[in-house]
Amino acid sequence: MTDTPNSAKPDNAWAHMVYVLRANPVTLLAFAMFAFLIFCALLGPSVVPYDPLQTNASKALQAPSLEHWFGTDQVGRDVFSRVIVATRLDLTISVAAVALSFVVGSLLGGVAGYWGGWLDAVLNRFLDTIMAFPLFVLAMGIVAALGNTIENIIYATAIINMPFYARLVRAEVNIRRDSGFAHAAKLSGNSDLRVLAFHIFPNALPPMMVQVSLNLGWAILNAAGLSFIGLGVRPPTPEWGIMVAEGANFIVSGEWWLAVFPGLWLMIAVFTFNLLGDGLRDIVDPRKRT
């Protein structure tokens, strides 16, 4: 294992990212899809043709057409506008929850893996306690106890994802803390915290990036699942899980578009994040940089 430079030149980092995207068409496609989702999240509310909350009983349950691309729901709201606007909320929940679990899990796992001892033992028992529960059931319990607000959905999703990062970082740090480059960094006068943060942790990032991409998809599914069973975002807020739950009641009567289009958008988002993993790993892997 080679040491990681403390700071990569911006030009080199950019060139490396371009090289990774050009070398792997699937990764390029994933980043293009991710950029599209970001565009929908940032500018969607400004470019949609209709107000996602505006009702019109005279146009209720209209099939997809040139006027309403994804049809209308049971109260006449434009499904396309609601699906696009919901992108911002679902991505916000997913990114915030994964970022929180990444930071907390990395700190706990890094400390436990580097110093070990009773810190390591306490962390392992804490993580065992969390993972002893079915994770979605644990998220349901947390949201039900704290209240179904967006903040509590983020906290619940972060808690159930945090053990993945803590254990992954702990294992990576535990392997590399006695490596040659770590000892060389300490002999050069670096403190333990600096060795951990700037020399060991960057080498743990590649597998963590794969985990991040998977967790982003799981977090969206978790938020949508909570909304589907009535413990997530409250109507009439546009959210993919709510829209699928409401549309499921109309599938039998033939209004298939109410559930299909929000579900399709949810599938595209999860598929995009799953594809991102390999590309993110290659971009942050110090061994692949030249």
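Starting from 1, residues in each chain are numbered consecutively following that chain's sequence as written. Side-chain atom pairs in this predicted model are given and counted only at pLDDT of 80 or more, local residue features only at pLDDT of at least 70, and totals for whole chains, interfaces and linings cover all residues. Side-chain metrics rest on all non-hydrogen atoms present in the structure, leaving aside hydrogens and water.

**Re the environment of Gly-141**
Thinking step 1. Numbering of helices and strands starts at the N terminus; helices are DSSP runs of H or I of at least 4 residues and strands are runs of E of at least 2. Residue position: Gly-141 is located in helix H5 (residues 135-146).
Thinking step 2. Type-normalised accessible area, obtained with a 1.4 Å probe on protein chains alone, sets the label of each residue: buried when under 20%, exposed when over 50%, and partly exposed for intermediate values. A residue is classified by how much of its surface remains accessible, and Gly-141, at 39% relative accessible area, is partly exposed.
Thinking step 3. Separated by 13 residues in the primary sequence, Gly-141 and Ile-154 have C-alpha atoms spaced 13 Å apart.

**Structural notes on unusual backbone geometry**
Thinking step 1. In the segment running from Pro-235 into Pro-236, the intervening peptide bond is cis, with an omega of 5°.
Thinking step 2. Within the element layout of this structure, Pro-236 appears in the loop between helix H8 (192-228) and helix H9 (240-248).
Thinking step 3. A positive phi is found at Leu-61, a non-glycine position, where the angle reads about 55°.
Thinking step 4. Within the element layout of this structure, Leu-61 appears in the loop between helix H2 (25-47) and helix H3 (79-115).

**Details of the packing of H5 against helix H6 (residues 150-176)**
Thinking step 1. H6 packs onto H5 with a crossing angle of 145° between their chain directions and a minimal axis gap of 9 Å. Our pair here, H5 against H6, has a crossing hand that is right-handed. Contacts between H5 and H6 involve Leu-135, Leu-138, Ala-139, Ile-142, Val-143 and Leu-146 from the first element and Asn-152, Ile-153, Ala-156, Ile-159, Ile-160 and Phe-164 from the second.
Thinking step 2. Side-chain classes follow a simple rule in which Ala, Val, Leu, Ile, Met, Phe, Trp, Tyr, Cys and Pro form the nonpolar group, Asp, Glu, Lys and Arg form the charged group, and the remainder, Gly included, forms the polar group. Residue classes in the contact of H5 with H6 are distributed as 11 nonpolar, one polar and no charged. Here an angle of 0 to 180 degrees is reported between the N-to-C directions of two axes, which are lines fitted to C-alpha atoms, with helices fitted over the stretch in contact. What makes a crossing left-handed is the near helix being turned counterclockwise from the far one by less than a right angle; a clockwise turn instead makes it right-handed. The contact criterion used is simple: two residues touch if any of their non-hydrogen atoms lie within 4.5 Å.

**Quick look at the packing of aromatic side chains**
Thinking step 1. Only the six-membered ring of Trp is used, alongside the rings of Phe and Tyr, when aromatic pairs are assigned; centres must lie within 6.5 Å, and planes under 30 degrees apart are stacked while those over 60 apart are edge-to-face, with the rest tilted. For the structure shown, the criterion picks out 11 aromatic pairs.
Thinking step 2. Pairing Tyr-114 with Trp-115 gives two aromatic rings, centres 4.9 Å apart and planes at 75°, and the pair type is edge-to-face.
Thinking step 3. Note on Trp-115: relative accessible area 39%, which makes it partly exposed.
Thinking step 4. An aromatic cluster is defined as three or more aromatic residues linked by ring pairs; in this entry it consists of Phe-36, Trp-69, Phe-70, Phe-80, Trp-256, Trp-257, Phe-261 and Trp-265.

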